[in-house]
Amino acid sequence: MALTAIDVTAKTMDYRQTQRDFELGGFHEHNPMLRPMLGHPVAMYAYGAAYAIGALWVGHKMRTSRFGVVRKLWWLPQAYSIEQNVYGYAYTRARYTH
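Read on for a plain summary of the structure. Note that the structure is a prediction, hence the values are computed from the model and not measured.

Describing the packing of helix α1 (residues 2-24) against helix α4 (residues 76-96)
Here is step 1 of the chain: Packing of α1 against α4 leaves a shortest axis separation of 8 Å and a crossing angle of 25 degrees. One way to sum up the angle between α1 and α4 is to call them roughly parallel. Considering only the axes of α1 and α4, their crossing is left-handed. On the side of α1, the interface is formed by Leu3, Thr4, Ile6, Asp7, Ala10, Lys11, Met13, Asp14, Tyr15, Gln17, Thr18 and Asp21, while α4 contributes Gln78, Ser81, Ile82, Asn85, Val86, Gly88, Tyr89, Thr92, Arg93 and Tyr96.

A few points about the environment of Phe67
Here is step 1 of the chain: Relative to the assigned elements, Phe67 resides in the loop between α2 (41-63) and α3 (68-72).
Here is step 2 of the chain: In sequence terms Phe67 and Val42 are 25 residues apart; their C-alpha atoms lie 38 Å from each other.

Observations regarding the pattern of salt bridges
Working definition: two side chains of opposite charge can pair if their charged atoms are close together.
Here is step 1 of the chain: What the rule picks out here adds up to two salt bridges.
Here is step 2 of the chain: For Lys11, the salt bridge goes to Asp7, with nearest N and O atoms at 3.3 Å. You can see Lys11 and its partner Asp7 sitting in helix α1, four residues apart, about one turn around the helix. Of the two residues examined, Lys11 and Asp7, each falls in the buried class.
Here is step 3 of the chain: Asp21 is the partner of Arg20 in a salt bridge, and the nearest nitrogen-oxygen pair spans 3.5 Å.

Thresholds, definitions, all that
- Residues numbered from 1 in each chain as written.
- Predicted model: local features only at pLDDT ≥ 70, side-chain atom pairs only at ≥ 80, totals over all residues.
- Heavy atoms only, no water.
- Axes fitted to C-alpha atoms, helices over the stretch in contact; angles between N-to-C directions.
- Helix = DSSP H or I, 4+ residues; strand = E, 2+ residues; numbered from the N terminus.
- Parallel < 35°, antiparallel > 145°, perpendicular 65-115°, else oblique.
- Left-handed = near helix turned anticlockwise from the far one by under 90°.
- Contact = heavy atoms within 4.5 Å.
- Salt bridge = Lys/Arg side-chain N within 4 Å of Asp/Glu carboxyl O.
- Buried < 20%, exposed > 50% of the residue type's maximum accessible area, 1.4 Å probe, protein only.

Listed below in structure tokens is the structure:
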């Protein structure tokens, strides 16, 4: 649950910064899934919540796997999701903040 909370926090920070810079103009989203949602914050946050829940579900399935190596890596989907949004936030903040 702690990883899920961190994941949702990272997504919120990234999406708020993305939305703010989009509204200021001159912003180009590199994520092809998120690009059509610019200007629609509810859609962005719904996508983020679905992504976080998906990473949580995959992690749970990995944690209960019959394969030992997979059980040891249960945290990887959520860690990857967190990393994507922390990088996105940092990238957007460094390049587009006015």
